[in-house]
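Chain by chain, the residues:
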Amino acid sequence: MLVKIGIPRALLYYHYFPLWECFWGHLGLEVITSPPTDKSVLDRGVIAAAPETCLPVKVYYGHVLALAKAVDYLFVPRIISAQKGTYICPKFMGLPNMIKHSGYDLPPLISPTLDTNRGKKSWQRAHIQAAQGLGYNKKKALTAWRYANYRLRLYREKLQQKRTPLEFLNHDHSLPRSFTSPTILLLGHPYNLFDEFTNMNLIRQLYQYGYQIITPEMLSPVIIEREATQLPKHLFWSLGRTILGTAFHCLKNSPVVGVIHLTSFGCGPDSLVGELLERRVNKLSNLPFLLLTLDEHTGEGGLITRLEAFLDMIEWRRSS
Amino acid sequence: MQAYLGIDLGSVSTNFLVLGPNSAVLAHHCLRTQGDPITAIKAGLTQLKKQLAPGVIICGAGSTGSGRHLAGVMIGADTVKNEITAHGIAAAHEIPAVQTVLEIGGQDSKIIILRQGMVTDFAMNTVCAAGTGSFLDRQAERLGLSIEHFGQLALESKNPVRIAGRCAVFAESDMIHKQQLGHSMEDISRGLCQALVRNYLNNVAKGKEILAPILFQGGVAANRGIKQAFEEALEQEVIVPKHHAVMGALGAALLAKQTVSRKKKSSFRGFEVSHWNFKVRTKHCNGCSNTCEVVKITAKGQILACWGDRCGRWSADPLVNRLNA
Ligand code: SF4
Ligand code: SF4
């Protein structure tokens, strides 16, 4: 029987799953993902995680628990940085330790430290070491890494053709694609944008209301970074850099009709970035701006009311 | 006489308004929802009918508020609109130059920013109770005052006490404390008004550019103590429109008029729905692990609408889709 490795469908899953699936798959492991977030996943996560933590981390716990009984290993990387001079979020650094000591009966964790600040090849080295730890030889692991990297690149290229991770990760092709409907700039961390349960089908709803979206994933990182370097102050949080860089680029170059910032309750980096963002949007344009904050108590009613009022604002302006 | 009906169904109160020619308000009515929106709507319609002169014909109907879908399905609304847009429309109708709307209702509070007659920004607080009318009701009751009397008392205070107003629980215990210290009712009332306003400005209105003309609406706008506290804090005049308590319903009626002028005919079912036997049934769907609570509304042996499902399995019904359109 194949050795099973579990990858929680949460946090940076939405950016790196193809990499990890290909890497472990190529080595001969069976890669298992947790099902899309649903009520039971969320409820378990909320109980398991520290109450003061942000919603996405709670959801991550839920996915870890959903996998716990079904796999031999859990892949919970310690992601520190994916780009030199920046950090993802302090919450990510402690994640493997927090999970390990959560008091649940879990399979062994595989937790390579991924930190580009320790050198360009840090991710490669850490993955290969993790594979060696499971008894695979270095050469085979290196080949797997190369394939995996290639897969990741393909994935990113596809996203840049105005597609969402939902198509590739959830195999959901039901979202209509349109190139003519008005575009809303949808900003936020990938785990907020693409977790359809916690965000109450936001993307789907926007499509149903007759809009298309543009998200940071649809732009080339080079463009985003070029814009982000023009920030008056160096911003360490790479997810925040991405959001701001995307906003600058799109406000200057694309015909967007409104901006939505989707954040999570209890997210430190978001509150900082959110303020910068709102100020910039107001300065560079006079587009309607909507801040949506998700937490485990978010009622769908309140979210839809805000969304509808926001879309009315856009309509109003377009028709006048 | 042609007229338009607007209903604002909230969790605390349900408001009705009938708008006649030349924007005359022919009738309006407010009542408590008391957890039973269907009864509230039926009772309200019956009341409204009594107020209306015989020749009045309802040519269109609209609904708003957190229960707008239910209200819309029950009456056959021509338009179902969120409460932010509805309040904004009503405010711009009252005072076309309005730039800021402060709204404090029973269940929530909002701020709406308008420029050149268009809503350009808004914020809504549904989480914290300290900024809502229900909170004020409770405190007035605790002081043994009616809500009107309480607002009046506040105006008479010379030395308001400072009450910590950051959250409902704090405010309440702080108020009790100040009461025990022997402060006068007047000073406590005024302190409470100031606390509510401070809380509103720091939370709901945070970061918003509050420009005149400023309209203050919602049930709480009847309280003159709060109006005064707003004027002091903003150092500007605050206008309370005549129909401040039913502005959502006014907005819904205005929107209904707009919609009907476009689609030329109304789907309003008439006042007789107050005799219909509406049934709401909730059931847990077992279609997947989300186990959504699906709400189904029936009347006259027909399913009128379903909602509450995350996937559209139950709500993909032509009627509901039309209402949402
Ligand atoms: S960036 Fe925010 S939402 Fe994401 S893990 Fe950190 S605190 Fe949580
Ligand atoms: S309504 Fe849809 S999403 Fe909800 S439980 Fe049923 S099948 Fe699942």
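Residues numbered from 1 in each chain as written. Chains lettered and ligands numbered in written order. Predicted model: local features only at pLDDT ≥ 70, side-chain atom pairs only at ≥ 80, totals over all residues. Heavy atoms only, no water.

Caption draft 1: Expanded view of the domain arrangement of chain A. All names here are of chain A. What the domain assignment lists for chain A is domain 1 (4-159) and domain 2 (166-319). Relative to domain 2, the C-alpha centre of domain 1 lies at a distance of 25 Å. Contacts between the two partners involve 30 residues from domain 1, matched on the other side by 28 residues from domain 2. In this assembly, domain 1 packs against domain 2 so that about 2,600 Å² is buried in total across both faces, 68% of it on carbon and sulfur atoms. Broken down residue by residue, the surface that domain 1 buries against domain 2 is led by Tyr14, Leu55 and Leu159, which jointly contribute 23%. Linking domain 1 with domain 2 are zero salt bridges, by the criterion used here. Secondary-structure elements contributing two or more residues to the side of domain 1 that touches domain 2 are helix H1 (13-26), helix H2 (39-48), helix H3 (55-68), helix H4 (90-93) and helix H7 (138-159). (Domains from an automatic or database assignment. Contact = heavy atoms within 4.5 Å. Buried area = accessible area lost by both parts, 1.4 Å probe. Salt bridge = Lys/Arg side-chain N within 4 Å of Asp/Glu carboxyl O. Helix = DSSP H or I, 4+ residues; strand = E, 2+ residues; numbered from the N terminus.)

Caption draft 2: Geometry of the site of ligand 2. The full set of residues close to ligand 2 is B:Cys285, B:Gly287, B:Cys288, B:Asn290, B:Thr291, B:Cys292, B:Asp309, B:Arg310, B:Cys311, B:Arg313 and B:Trp314. Considering only residue class, the shell around ligand 2 consists of five nonpolar, three polar and three charged. (Near = heavy atom within 4 Å. Nonpolar A, V, L, I, M, F, W, Y, C, P; charged D, E, K, R; others polar.)

Caption draft 3: Geometry of the side chain of B:Gln99. Residues and elements named next belong to chain B. Here Gln99 shows up in the loop between helix H3 (83-94) and strand S6 (100-104). Within the local environment of Gln99, its side chain forms a polar contact with the backbone oxygen of Ala212, the two atoms lying 3.0 Å apart. What Gln99 contacts, discounting residues up to four positions off in sequence, is Ile112, Ile113, Leu114, Arg115, Leu211, Ala212 and Pro213. (Polar contact = N/O pair within 3.5 Å; in protein donor to acceptor, adjacent residues only side chain to side chain.)

Caption draft 4: The confidence of the model for chain B, seen in detail. Residue and element names in this part refer to chain B. Averaged over all residues, the pLDDT of chain B is 87; the fraction at 70 or higher stands at 93%. Helix H10 (residues 318-324) is the least confidently modelled element of chain B, averaging 44 in pLDDT, while strand S10 (residues 238-239) averages 97, the highest of any element. In the model, residues 318-325 has pLDDT below 50 throughout and makes 14 contacts with residues more than four positions away in sequence or in other chains. Interface confidence in the predicted complex, given as ipTM, is 0.85; pTM for the same model is 0.88. (pLDDT = per-residue confidence, 0-100.)

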